[in-house]
Amino acid sequence: MDRFKIVISDCHLSAGRFYEGHLNPHEDFYFDDEMCDMFEHFSTGQYGVAADGSPVEVELFINGDFLDFLNVPVSGEFEDAITESVSLSKCEAVLLGHPKVMAALKRFASLPGKRITYLVGNHDADLFFEKVRERITREWDPKGEYPSEKVRLIADRDHVRLEGGIEIHHGNQFEAQHVLNFEKPVLDSRVEEPVLNIPWGSFYVLKIINRLKWERDFLDKVRPIRAYIFFGLFADTLFTLKFAFLSAYYFLKTRFVYSPKRRATFGVTLRILLQEARLWTNLETEARGLLDSKPEVKTVIFGHTHQPMNKVYPDGKQYINTGTWTKMINLDWRSLGQQFRLTFAFVRILGTGETQCDLRHWVGPHNPHKAFHN
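All values derive from a computational prediction rather than experimental measurement.

Peer 1: What should I look at first to understand the overall build of the chain in this one?
Peer 2: From N to C terminus, the chain includes 9 helices and 19 strands. When burial is assessed residue by residue, the chain has 55% of its 374 residues classed as buried. Sequence-distant contacts, at least 24 apart, represent 66% of the contacts inside the chain between residues at least 6 apart. Surface summary for the chain: the accessible area is close to 16,900 Å², and the carbon and sulfur share equals 56%.

Here's what the structure looks like:
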């Protein structure tokens with residue numbers, strides 16, 4: 001019997017459209033109903049029970065940044081010393097902000113042959129705290145159990161290898177500014193509670209992007225940010241200068257001024273500077289490098305960049321990027337303009353053991369999904 005895996009990433013569910021008594025400018029996900037329809041589609045009908053009465057196996061694989069803890073303020077502030085108690089508070093806000101999606105995930109996991117796997121990304125590093133993993137697992141497990149046979153949150157490694165030569169990475173580990181430390185994910189501050197060992201990119205979101213979104217609400221949606229700064233110097237000079245100055249100031253402060261609540265090494269700082277000197281980056285080079293270094297891997301699946309891509313190379317190997325379910329403004333000439341693409345990777349594992357991978361985009365319950373074309 002064929003089995004299926006649905007891989008999504010970068011949905012960035014935050015605290016909901018209304019939060020702390022007012023409209024929430026930090027919420028970027030507006031497709032709750034569409035997502036619920038997709039979960040139902042892939043757990044019922046032909047994906048529910050086979051002709052012989054046995055359940056069809058479908059795994060929903062969430063490849064990082066599904067929940068966005070970085071976009072949730074606590075009492076109006078974006079705290080960069082993130083403790084377990086702070087993470088739990090933000091977790092509750094996200095669960096309450098998207099009740100339909102949470103109920104749909106629980107309903108999906110409750111059906112025979114269905115399960116959920118979640119791999120950590122750079123916007124949901126709060127999952128390194130076990131109590132946060134437990135809270136989410138109990139929310140989605142049909143019986144509210146932890147550990148769960150139906151819901152698995154992976155926080156001890158940065159990739160997963162599937163059968164058929166498929167390897168899934170969120171992708172942040174290939175960008176120096178977003179690298180998570182899986183060996184030491186939490187720092188002992190020696191004064192207060194242990195805090196998350198978050199990378200420079202997370203500090204940047206918390207202290208620069210989230211604050212300036214009040215002036216330019218599209219700021220976190222532009223890719224690549226280096227191109228935005230280049231063009232902004234001509235089209236939006238004063239704001240762009242302020243943005244560039246604050247970014248440089250906070251980079252120097254967090255990379256060269258010691259604090260027990262963060263870690264910064266010279267080697268990582270140098271890699272960040274070298275990568276930032278590149279104007280266009282989409283991780284395709286890194287994906288191809290993985291395919292070349294691992295002969296047994298036939299397909300790599302990334303997220304993180306918010307740029308959907310399905311590239312098949314002459315040697316038959318494949319790179320899929322699952323894109324994002326949020327609005328994007330792309331300044332890369334290869335996909336210039338605004339985008340709304342509800343994309344996901346569709347993996348079919350045939351009864352013969354052969355695998356087929358495709359990038360799809362969700363359309364709706366009457367014409368559920370179509371092939372995505374670059």
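Peer 1: Please clarify how the packing of aromatic side chains should be interpreted in this entry.
Peer 2: We describe a pair of aromatic rings using the distance from one ring centre to the other and the angle between the two ring planes. Scanning all chains against the criterion turns up 18 aromatic pairs. The interplanar angle of 75° and the centroid separation of 5.7 Å between the aromatic rings of phenylalanine 42 and phenylalanine 344 together place this pair among those described as edge-to-face. Of this pair, phenylalanine 42 sits in the loop between α1 (32–41) and β4 (58–63) while phenylalanine 344 sits in strand β17 (residues 343–349), placing them 302 residues apart in sequence. Summarising the burial analysis for this pair, phenylalanine 42 and phenylalanine 344 share the class buried. Between phenylalanine 128 and phenylalanine 182, the ring centres sit 5.3 Å apart and the planes meet at 80°, which makes this aromatic pair edge-to-face. Here phenylalanine 128 is found in the loop between β5 (114–119) and α4 (130–140), whereas its partner phenylalanine 182 is found in the loop between β8 (166–169) and β9 (186–187), with 54 residues between them in sequence. We classify phenylalanine 182 as buried; its relative accessible area is 19%. Feature note: the residues Phe4, Phe42, Tyr47, Phe344 and Phe346 constitute an aromatic cluster, connected by ring pairs.

Peer 1: Explanation requested: the side chain of serine 9 in the structure shown.
Peer 2: Among the structural elements, serine 9 can be located in the loop between β1 (3–8) and β2 (18–19). Note on serine 9: relative accessible area 0%, which makes it buried. In this structure the side chain of serine 9 is engaged in a polar contact, spanning 2.7 Å, whose partner is the side chain of aspartate 10. Sequence-distant contacts of serine 9, that is, excluding residues within four places in its chain, are made with Asn63, Gly64, Gly303, Thr322, Gly323 and Thr324.

Peer 1: What is the right way to read the sheet that holds β5 from this model?
Peer 2: Where strands meet in a sheet, backbone hydrogen bonds hold them as pairs that are either parallel or antiparallel. Pairing within the open sheet is mixed, and its 7 strands lie in the order β6-β5-β4-β1-β17-β18-β19. Strands with a single pairing partner mark the edges of an open sheet, and in this sheet they are β6 (151–154) and β19 (369–371). The sheet shows a mean angle of 25° between the axes of neighbouring strands, direction not considered. Here α4 sits on the sheet and contacts β4, β5 and β6; the angle it forms with β6, its principal contact strand, is near 155°.

Peer 1: For this particular structure, what's the right way to read the pairing of strand β18 (residues 355–362)?
Peer 2: On any regular strand, side chains alternate: one points to one face of the sheet, the next to the other face. Of the strand pairs in this sheet, β17 and β18 are connected by 7 bridges, and their pairing is antiparallel. When the bridges of β18 are listed, phenylalanine 346 appears paired with aspartate 358. With antiparallel pairing between neighbouring strands as the criterion, β17 and β18 make up a hairpin whose turn holds 5 residues, including glycine 353 at a positive phi of roughly 100°. Taken together, the 3 bridges between β18 and β19 define a ladder with antiparallel strand orientation. Opposite arginine 360, over in β19, you have alanine 371 as the bridge partner. Taking the residues that link successive antiparallel strands as the turn, the β18-β19 hairpin has 6 residues.

Peer 1: I tried to follow the packing of helix α6 (residues 225–235) against helix α7 (residues 237–256) on my own but got confused; where do I start?
Peer 2: Packed helices, taken two at a time, are described by the angle their axes make and the gap between the axes. Direction vectors running N to C along α6 and α7 enclose 140°, while the axes themselves pass 7 Å from each other. Judged by the angle between their axes, α6 and α7 are oblique. Taken as a pair, α6 and α7 cross one another with a handedness that is left-handed. In this structure, α6 contributes Ile225, Tyr228, Ile229, Gly232, Leu233, Phe234 and Ala235 to the contact, and α7 contributes Thr237, Phe239, Thr240, Leu241 and Phe243. For the contact of α6 with α7, the class distribution of residues is 9 nonpolar, 3 polar and no charged.

Peer 1: For this particular structure, what's the right way to read the sheet that holds strand β13 (residues 309–312)?
Peer 2: On the basis of which strands lie adjacent, the open sheet formed by 5 strands has the order β7-β8-β12-β14-β13 and mixed pairing. The sheet terminates laterally at β7 (159–162) and β13, the two strands that pair on one side only. Adjacent strand axes in the sheet meet at a mean angle of 15°, parallel and antiparallel pairs treated alike. As paired elements, β8 and strand β12 (residues 299–302) share 3 bridges and run parallel to each other. Residue pairing in the sheet places glutamate 167 in a bridge with valine 300 of β12.

What counts and how
- Numbers given to residues run from 1 along each chain, matching the order in which its sequence is written.
- Local features in a predicted model are, by the rule used here, given only for residues with pLDDT of at least 70; side-chain atom pairs are given and counted only at 80 or more, and totals for whole chains, interfaces and linings are based on all residues.
- Values shown for side chains rest on all heavy atoms present in the structure; no hydrogens or waters enter the calculation.
- Secondary structure is summarised from DSSP: a helix means a run of H or I of at least four residues, a strand means a run of E of at least two, and numbering begins at the N terminus for each.
- Residue burial is assigned from relative accessible area. The probe radius is 1.4 Å, only protein chains are included, and a residue is buried under 20% of its type maximum, exposed over 50%, and partly exposed in between.
- In what follows, a contact means two residues having at least one pair of non-hydrogen atoms within 4.5 Å.
- Computed with a 1.4 Å probe, the accessible areas rest on the Shrake-Rupley method; for each residue, only the protein chains presented here act as cover.
- Pairing of aromatic rings covers Phe, Tyr and Trp, the last through its six-membered ring, and needs centres within 6.5 Å; plane angles under 30 degrees mean stacked, over 60 mean edge-to-face, and all others mean tilted.
- Think of a polar contact as two N or O atoms within 3.5 Å of one another; within protein, one of them needs to be a possible hydrogen donor and the other a possible acceptor, and neighboring residues in sequence only count if both atoms come from side chains.
- Two strands pair under a simple rule: DSSP has to find at least two bridges between them.
- As a rule, the C-alpha atoms of each element are fitted with a line to give its axis, helices using only the stretch in contact, and angles between N-to-C directions run from 0 to 180 degrees.
- Oblique is the label for any angle not covered by the other classes, which are roughly parallel (under 35 degrees), roughly antiparallel (over 145) and roughly perpendicular (65 to 115).
- By definition, turning the near helix anticlockwise from the far helix through less than a right angle yields a left-handed crossing, and turning it clockwise yields a right-handed one.
- Gly counts as polar in this scheme, as do all residues outside two lists: the nonpolar Ala, Val, Leu, Ile, Met, Phe, Trp, Tyr, Cys and Pro, and the charged Asp, Glu, Lys and Arg.

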